[in-house]
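What the coordinates show
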There are 2 protein chains.
Amino acid sequence: MTFLLKYGIILVMKRIFILIQFLGTNYCGWQYQNGLKTIEGELERAVFETTGEEVAVHSSGRTDAGVHALAMPAHFDTNTRILPQNLYKALNAHLPQDIRVLCSKEVDQNFHARFDVKEKTYEYHFYVSNSPLPYYSATSARIAEPFDFERAKMALSAFIGTHDWKGFASARVEVSSTVRTIKDISLTKTAENQYCLSVTGDGFLYNMVRIIAGTIIATGQGTIDPKDMAEIIASGDRTRAGKTAQAVGLVLKEVKY
Amino acid sequence: MTFLLKYGIILVMKRIFILIQFLGTNYCGWQYQNGLKTIEGELERAVFETTGEEVAVHSSGRTDAGVHALAMPAHFDTNTRILPQNLYKALNAHLPQDIRVLCSKEVDQNFHARFDVKEKTYEYHFYVSNSPLPYYSATSARIAEPFDFERAKMALSAFIGTHDWKGFASARVEVSSTVRTIKDISLTKTAENQYCLSVTGDGFLYNMVRIIAGTIIATGQGTIDPKDMAEIIASGDRTRAGKTAQAVGLVLKEVKY
């Protein structure tokens, strides 16, 4: 707890936890960039307009341009007298319709939305069609026909477990370790020609989920043999994995602490 | 077949059948309205820019502002030399991204996209939340908590069969008969707090699917007793049915001839 004396009033600095849902279509990703529309930028502006405070809003991680979130956790510190559980309503009044704060509560000062993450689940939505379909295109990526669902599913089991994911990360990633654990992965047919890939892990490298999606899609399209998948992962060779799938299909579903 | 003599060339008038997918969000519905963005207006402009011909595009029916279509059939007549099966590509080049022609083919001159309809299937998508959720809001309507899925399903069976749907039509409807047959109706949970109502019938009155959706939603929300449903339908009393559900959740899925 931080106590500040301001105009003779003792203010108690609170750490606020929020869950955010957003449609990433119109944003250059999470991270603040001067002059560009970003999720972080919109939230920090909304906090300022609500509380008068210039704060940093820390999320569970950065998302790329065009990526969506169903429930992205974040935190920030504030002296506001607005009740923590009501803050989300005040923030929503200052946010565009495609970004909504779902809830807000006070958390311990030691909580950190990024460093304390235990598990993340992403979904990747795609549809199979040789031409773009506007009804699906807000939150789903298009892939070309043909797509063999059963063949794609054969690739899944190789992804489970702790691996060095060097070959499934964007070249511009710079982290101390590229070892991550995937706890669960599934591919379901949600409707005719529509699919959802769900991946749960303790963390993901930059672009890792989109490269996993691109690799499983390439398997279903016939350009990667599902029998080679374990070897492709073990090789650490980015060129052997599939393409980075389009951002539009990706959504951060859930983060656990 | 109509033969026209133009500049000394014998032109064969062809009737073209197309299937259209559109996201209705940015349109004032199907029907042409001077100065407003409508699906019909965009298509007739695209045909003109493709063929130089001012034609009427006839769809399987009108849709309201904000309503979507996965595959809406339509027809128009043309003298163009573009091969019928290639026409959809040419039209797409002149259409906005949220309207796509999925395919095109020549059909018999006697075919009519509206008068020959045998069966239509609509889906109504909604999610349960006390605040708007941007990830779903392009194609799904929001309804307030609580929603009892099992209770809502109990209302479905009363809708099956041939009934006078006078109480399930907008007051401004003027048709010779309000008798229609509903062949199939189902309500499925598509994800956590997300539902899809599917209704198939030989035809629907103005706003009828949205009033059916509003009635089933009201049943799940507890304001209508599912045991009263048969009587509510038989009463022909618009005030006993539910509200007209929002346009955003409605999508024309399939039309059979």
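Residues numbered from 1 in each chain as written. Chains lettered and ligands numbered in written order. Predicted model: local features only at pLDDT ≥ 70, side-chain atom pairs only at ≥ 80, totals over all residues. Heavy atoms only, no water.

Interfaces are often sized by the accessible area lost when the parts come together. All names here are of chain A. What the domain assignment lists for chain A is domain 1 (2-107) and domain 2 (119-256). Residue-level contacts link 14 residues of domain 1 with 13 residues of domain 2. The contact between domain 1 and domain 2 buries some 1000 Å² in all, and 59% of this surface belongs to carbon and sulfur atoms. The three residues of domain 1 that bury the most area against domain 2 are D64, H68 and L70, which together make up 45% of that side's buried surface. Between the two partners, domain 1 and domain 2, sit 1 salt bridge. (Domains from an automatic or database assignment. Contact = heavy atoms within 4.5 Å. Buried area = accessible area lost by both parts, 1.4 Å probe. Salt bridge = Lys/Arg side-chain N within 4 Å of Asp/Glu carboxyl O.)

Both copies of the chain are related by a screw-like operation: a rotation about an axis and a shift along it. Of the transformation placing chain A onto chain B, the axial shift is 0.0 Å and the rotation is 180°, giving an RMSD of 0.0 Å. Such values leave the two copies arranged in the relation of a two-fold axis. Using C-alpha coordinates, one finds that chain A approaches the rotation axis most closely at A138(A), a distance of 3.7 Å. With an isologous cut-off of 70% or more, the 100% of interface residues of chain A that recur at the interface of chain B puts this contact in the isologous class. (Least-squares fit on C-alpha atoms with pLDDT ≥ 70 in both.)

A few words now on the interface of chain A and chain B. If you look at the interface, chain A gives 19 residues, while chain B gives 19 residues. Buried surface at the junction of chain A and chain B, summed over both partners, amounts to about 1600 Å²; 67% is from carbon and sulfur atoms. Among the residues chain A hides against chain B, the three largest losses belong to Q21(A), P134(A) and Y135(A). Together they make up 45% of the total. Where chain A meets chain B, there are 0 salt bridges. Where chain A meets chain B, there are 2 residue pairs in polar contact (both at pLDDT 80 or more). Considering each element in turn, the side of chain A that touches chain B owes the most residues, 3 residues, to strand β5 (residues 99-107) of chain A. Grouping the constituent residues of the side of chain A that touches chain B by class yields 12 nonpolar, 5 polar and 2 charged. (Polar contact = N/O pair within 3.5 Å; in protein donor to acceptor, adjacent residues only side chain to side chain. Helix = DSSP H or I, 4+ residues; strand = E, 2+ residues; numbered from the N terminus. Nonpolar A, V, L, I, M, F, W, Y, C, P; charged D, E, K, R; others polar.)

Consecutive side chains of a regular strand alternate in pointing toward one face of the sheet and then the other. All names here are of chain B. Examined bridge by bridge, strand β4 (residues 68-78) and strand β11 (residues 250-256) share 2 bridges and lie parallel to one another. When the sheet's bridge partners are listed, H68 is paired in β11 with V251. Bridge count for strand β6 (residues 119-128) against β11 is 6 bridges, and the pairing is antiparallel. Looking at the pairing, Y122 lines up with L252 of β11. (Pairing = 2+ DSSP bridges.)

Next up on the list: helix α4 (residues 208-221) of chain B. What sets the pattern is the α-helix's 3.6 residues per turn: residues three or four places apart point alike. Residues and elements named next belong to chain B. With 14 residues, α4 extends 20 Å between its outermost C-alpha atoms, agreeing within 8% with the 20 Å of an ideal straight helix rising 1.5 Å per residue. Within α4, 13 of the 14 residues are buried, which leaves it mostly tucked inside the rest of the structure. Of the residues one or two after α4, G222 is the one with positive phi, at around 100°. (Expected span 1.5 Å × (residues − 1). Buried < 20%, exposed > 50% of the residue type's maximum accessible area, 1.4 Å probe, protein only.)

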